[in-house]
Amino acid sequence: MSEKRNSLNKIKKLKEAYQQISREDIDKIEAILPEEGGEDKLLAELEDIVLGNGLILSSLQIEKKGAEPINKSIINNFSGEIGKIKIGMDIVGTDYVGLKNFLTVIEKNLRLIDIIKIGFSPAENKTSIEAYSYYLIKK
């Protein structure tokens, strides 16, 4: 009987803790790891970041990769699945400062984006970027 009471108390504490989370904080978490990809929003965000830095987006491709294995030692008690989106971008008009500013904005962006490859040609003012973004898969 005391096990059930302890479980009930834990559930009540979790519920209280959850109710204390502000809507603003929930929105931030959803921006970092949105549900079901949000590819349209991701495309718009990337285009805004490129244009906001005075650069030109010559091509942008995204490919939804599906579920990825999760390292359980990093995320304890996580029962969901994480999906991955591969991003390919070609940007023109980039010099060293423009590229540095662009990467700084990507780094500070709320949505989690891992840049895995950068090809920079200063002579042509051109940059190619490969990256991954992630999303929470609904069950």
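Conventions adopted
- Starting afresh in each chain, residues are numbered from 1 along the sequence in its written order.
- Reporting of local features is limited, given that this is a predicted model, to residues whose pLDDT is at least 70; pairs of side-chain atoms are given and counted only at 80 or more, and all residues count toward the totals for whole chains, interfaces and linings.
- The side-chain quantities take in all heavy atoms of the structure and omit both hydrogens and water.
- In this description a helix means any DSSP run of H or I spanning at least four residues, a strand means any run of E spanning at least two, and both kinds are numbered starting from the N terminus.
- The buried label goes to any residue with under 20% of its type's maximum accessible area, the exposed label to any with over 50%, and the partly exposed label to all in between, with areas taken from a 1.4 Å probe on protein chains only.
- Contacts: residue pairs with any heavy atoms within 4.5 Å of one another.
- Here, Shrake-Rupley sampling with a 1.4 Å probe gives the accessible areas, and only protein chains in the shown set may cover a residue.
- Pairing between strands is defined by DSSP: at least two bridges between the two strands are required.
- Residues grouped as a nonpolar core are buried Ala, Val, Leu, Ile, Met, Phe, Trp, Tyr and Cys residues, joined through side-chain atoms within 4.5 Å.
- Expected span, for any helix, means 1.5 Å times one less than how many residues it has.
- By construction, the arc corresponds to the directions joining the helix axis to the C-beta atoms.
- What counts as a salt bridge is simple: a side-chain nitrogen of Lys or Arg found within 4 Å of a carboxyl oxygen of Asp or Glu.
- Two rings belonging to Phe, Tyr or Trp (six-membered ring only in the last case) form a pair when the distance between their centres is within 6.5 Å. Interplanar angles under 30 degrees mark stacking, angles over 60 mark edge-to-face geometry, and anything in between is tilted.
- The rule for a charge over a ring is simple: NZ of Lys or CZ of Arg within 6 Å of the ring centre, and within 35 degrees of the ring normal.

A. Quick look at the overall build of the chain. Secondary structure assignment for the chain yields four helices and four strands. Going from the N terminus to the C terminus, the chain shows its helices and strands as α-α-α-β-β-α-β-β. Taken over 139 residues, the chain has a buried fraction of 24%. The long-range share in the chain, meaning contacts at least 24 apart out of those at least 6 apart in sequence, stands at 66%. Summed over its atoms, the accessible surface of the chain is roughly 9700 Å², and 53% of this surface lies on carbon and sulfur atoms.

B. Highlighting the pairing of strand S4 (residues 126-137). As defined by bridge partners, strand S2 (residues 81-92) adjoins S4 across twelve bridges and the pair is classed as antiparallel. Directly across from Gly 88, in S4, lies its bridge partner Glu 130. When strand S3 (residues 113-121) meets S4, the two strands line up antiparallel, connected through eight bridges. Looking at S4, one finds that Gly 119 is bridged to Ser 128.

C. Summary view of unusual backbone geometry. You will see that Asn 125, though not glycine, has its phi angle at about 55 degrees, which is positive. Here Asn 125 lies in the loop between S3 and S4.

D. Structural detail: the nonpolar core. The biggest cluster of nonpolar side chains holds 16 residues, and the ones touching the most others in it are Leu 46, Ile 87, Met 89, Ile 91 and Phe 102. Beyond its immediate stretch of four places on either side in the chain, Met 89 contacts Leu 46, Leu 57, Ser 59, Leu 60, Phe 102, Thr 127, Ser 128 and Ile 129.

E. Examining helix H3 (residues 39-52) more closely. Relative to the 20 Å expected for 14 residues at 1.5 Å per residue, H3 spans 20 Å between its end C-alpha atoms, a close match to the ideal helical length. Where H3 is concerned, the buried positions are Glu 39, Leu 42, Leu 46, Ile 49 and Val 50. Buried residues of H3, seen end-on, are gathered within an arc of 95 degrees and therefore sit on one face of the element. Seen from the buried face of H3, the exposed residues on the opposite side, beyond 90 degrees, are Asp 40, Lys 41, Asp 48, Leu 51 and Gly 52. Two residues or fewer past H3, Gly 54 is found with a positive phi of approximately 75 degrees.

F. Seen up close, the pattern of salt bridges. The final tally for this structure, using the stated rule, is one salt bridge. A salt bridge links Lys 64 to Glu 39, with the shortest nitrogen-to-oxygen separation between them at 3.2 Å. Taken together, the residues span a long stretch of sequence, with Lys 64 in strand S1 (residues 56-68) and Glu 39 in helix H3 at a distance of 25 residues. Its relative accessible area of 40% is what places Lys 64 among the partly exposed residues.

G. A look at the packing of aromatic side chains. A full pass over the atoms with the stated rule returns zero aromatic pairs. Taking NZ or CZ as reference, Lys 64 lies 4.9 Å from the ring centre of Tyr 135, over its face. Between Lys 84 and the ring centre of Tyr 132, over which it is positioned, the NZ or CZ distance is 4.0 Å.

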